[in-house]
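The lines below spell out each chain.
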Amino acid sequence: MELTNENVLGKIISKFGEENIWDAFSPDGIMTITTNRASIIDLIQYLYDDEELQIRFLTTMCGIHYPDHKGKELCVMYQLHSLRHNYRIRIKVFMPADDAVMPTLTNLYATSNWMERETFDFYGVKFVGHPNLTRILNIEEMEYHPMLKQYPLEDQTREDKIDTYFGR
Amino acid sequence: MSDSNNDIKLVDAPDGVSGAGFFATSFEKVIGLARKHSLWPLPFATSCCGIEYMATMGSNYDISRFGSERPSFSPRQADILMVMGTIAKKMGPVVKQVYEQMAEPRWVIAVGACASSGGIFDTYSVLQGIDRVVPVDVYVPGCPPRPEQILDGLMRVQELAENESLRRRNSPEYQALLASYNIK
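Basis of the calculations
Residues numbered from 1 in each chain as written. Chains lettered and ligands numbered in written order. Predicted model: local features only at pLDDT ≥ 70, side-chain atom pairs only at ≥ 80, totals over all residues. Heavy atoms only, no water. Pairing = 2+ DSSP bridges. Helix = DSSP H or I, 4+ residues; strand = E, 2+ residues; numbered from the N terminus. Core = buried A, V, L, I, M, F, W, Y, C linked by side-chain atoms within 4.5 Å. Buried < 20%, exposed > 50% of the residue type's maximum accessible area, 1.4 Å probe, protein only. Contact = heavy atoms within 4.5 Å. Axes fitted to C-alpha atoms, helices over the stretch in contact; angles between N-to-C directions. Parallel < 35°, antiparallel > 145°, perpendicular 65-115°, else oblique. Left-handed = near helix turned anticlockwise from the far one by under 90°. Nonpolar A, V, L, I, M, F, W, Y, C, P; charged D, E, K, R; others polar. 1 Å grid on protein atoms, 1.4 Å probe; cavity = no way out; pocket = protein on both sides within 12 Å on 5 of 7 lines; lining within 4 Å. Points joined across faces, edges and corners; volume = space filled by probe spheres on them. UniProt positions renumbered as here; feature names shortened; annotations may be inferred. Arc of directions from axis to C-beta.

### Examining the pairing of strand E1 (residues 22-25) of chain A
All names here are of chain A. When E1 meets strand E2 (residues 31-35), the two strands line up antiparallel, connected through 2 bridges. When the bridges of E2 are listed, Trp22 appears paired with Thr34. Between E1 and E2, which pair antiparallel and follow one another directly, the connecting turn spans 5 residues, one of which, Gly29, has a positive phi of 85 degrees.

Structure (structure tokens):
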């Protein structure tokens, strides 16, 4: 079977159902689907195990922040690659900012260990089951997650660093 | 030989009482004079200001003529910590540790906008001035400052060193200052 976006989407939906896979589109030729927290690990495991697809390489994963999307402010994006077929797929999971919890993918892809720590560091998404979920690039004592789209000044009384000097 | 010996400028003696065969002055002034002309800088350079400092070390500007011969790249026996450049927050504990390893009396110069205030980098990762981590004696403005400005900063520390009371480092004010930075 040649892997096309339609074929792969049909396979995934017949396996996981319409209620778990939605919003499929191809913004840049890479099929992008949205799923929920409950199916994400099973879905990636299925893509790995399926003999036809053989999507067995985790290209990247990261967090995204949409401060204006009520109820789904945070997103975790996985990008996978089938080296056998040179086929790419992108999977997104949205969640509310006050419930930023995801299951870990480290049991399947060891490389996601670093990426999940980075996502936790910069976005505050907690990955349940991660073996060492601590800050990785920023200083430990930091009290905020810097990639969230909030830009408070450190010291509100400073006049040499008001927003107009920084183009904000 | 040449007459170049006439060009050598000697440091003026401090105020004191002199007579036939003796000269008396206060211990504090002698120590201050010695400290002033034997400062040993420890350069802690990270970015553009560090490059300016390299020019300051070169033969045109020659920071060594102030007795600060051979910058020490170790805190051992160094007495000025010169922090030049952007200090990331992750680097803050390192600056503090280097400062703690230096022996008293020690002075600190923050060179340039970044070391003094974080500069243009009002970001999550940059320390907004090294005075959040260690006490600073002299701030050198500029982005980056010219070598003349760095030399001026050094000369201001020389003034501090010359006029500092020997008991200052034991004073409760100084202890409180260090305690406010959580240093010993």
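### Some remarks on the nonpolar core
Soluble, globular proteins show a tendency: their nonpolar side chains are buried together. Residues Leu47(A), Tyr78(A), Ile89(A) and Ile91(A) are the most contacted members of the largest nonpolar core, which totals 35 residues. Of all the elements in the fold, those that place two or more residues in this core are helix H1 (5-16), E2, helix H2 (40-49), strand E3 (57-65), strand E4 (74-82), strand E5 (87-95) and helix H3 (112-123) of chain A. Excluding its chain neighbours within four sequence positions, the residues that come into contact with Ile91(A) are Ile33(A), Thr35(A), Ile40(A), Leu43(A), Ile44(A), Leu47(A), Val76(A), Met77(A), Tyr78(A) and Leu80(A). One finds Leu42(B), Ala78(B), Ala115(B) and Leu127(B) within the second-largest nonpolar core, a separate group that totals 22 residues.

### Brief notes about the packing of helix H1 (residues 27-36) of chain B against helix H5 (residues 147-163) of chain B
Residues and elements named next belong to chain B. Packing of H1 against H5 brings their axes to within 7 Å, and their N-to-C directions diverge by 155 degrees. If you check the angle between H1 and H5, you find them roughly antiparallel. In this structure, H1 meets H5 at a crossing whose hand is right-handed. Facing H1, whose interface residues are Gly32, Arg35 and Lys36, H5 presents Gln158, Ala161 and Glu162. Across the contact of H1 with H5, the residue classes tally to 1 nonpolar, 2 polar and 3 charged.

### What about the packing of H1(A) against H2(A)?
Residues and elements named next belong to chain A. In the contact formed by H1 and H2, the axes pass within 12 Å of each other and the chain directions differ by 130 degrees. Taken as axis vectors, H1 and H2 run oblique relative to one another. Helix-helix and strand crossings are classified by hand; for H1 and H2 the assignment is right-handed. Contacts from Lys11, Ile12, Lys15 and Phe16 of H1 reach H2 at Asp42, Leu43, Tyr46 and Leu47. Its residues assigned to classes, the contact of H1 with H2 shows 5 nonpolar, no polar and 3 charged.

### Topic: the sheet that holds strand E5 (residues 107-111) of chain B
Residue and element names in this part refer to chain B. The 4 strands are arranged E3-E4-E5-E6 in an open sheet whose pairing can be described as parallel. At either margin of the open sheet sits one strand with a lone partner, and together these are strand E3 (41-45) and strand E6 (138-140). Here the average twist between neighbouring strands, direction ignored, is 20 degrees. Against the sheet, helix H2 (residues 48-57) engages E3, strand E4 (80-84) and E5, with an angle of about 125 degrees to E4.

### Focus: the layout of surface pockets
Taken as a whole, the largest pocket holds about 790 Å³ of empty space. Contributing to the lining of the largest pocket are 30 residues, with Met142(A), Tyr144(A), Glu154(A), Lys89(B) and Tyr124(B) lying nearest its centre. Only E3 of chain A together with helix H3 (92-101) of chain B provide two or more residues apiece to the lining of the largest pocket. Per-element accounting of the lining of the largest pocket gives the leading share, 3 residues, to H3(B). Within the lining of the largest pocket, the residues separate by chemical class into 16 nonpolar, 5 polar and 9 charged. Looking at the second largest pocket, it is lined by 16 residues, and the ones nearest its centre are Val11(B), Asp12(B), Leu33(B), Lys36(B) and His37(B). When contributions to the lining of the second largest pocket are tallied by element, the ones reaching two or more residues are H1 and H5 of chain B. Residues of the lining of the second largest pocket, tallied by class, amount to 6 nonpolar, 3 polar and 7 charged.

### Some points on the UniProt feature "binding site: [4Fe-4S] cluster" (unreviewed entry) in chain B
Residues and elements named next belong to chain B. Following the UniProt record, one finds the feature "binding site: [4Fe-4S] cluster" (unreviewed entry) at Cys48, Cys49, Cys114 and Cys143. Judged by maximum C-alpha separation, these annotated positions cover 96 residues in sequence but sit close together in space, the widest gap being only 9.9 Å. Mapping Cys48 onto the fold places it in helix H2. Of note, Cys114 is situated in helix H4 (residues 112-117).

### A closer look at H3(B)
Residue and element names in this part refer to chain B. Of all the positions in H3, only Gly92, Val95, Lys96, Val98 and Tyr99 are classed as buried. Along the axis of H3, the buried residues cluster in a sector spanning 160 degrees; they form a single face. The inward-facing, buried residues of H3 contact E3, E4, E5 and helix H6 (172-180).

### Observations concerning empty space enclosed by the protein
In the structure shown here, the tally under the stated rule is 1 cavity of 30 Å³ or more. Volume-wise, the largest cavity comes out at about 40 Å³. Every residue along the wall of the largest cavity is listed here: Leu153(A), Glu154(A), Asp155(A), Arg158(A), Lys161(A), Asp122(B), Gln128(B) and Arg132(B). Partitioned by chemical class, the residues of the lining of the largest cavity number 1 nonpolar, 1 polar and 6 charged.

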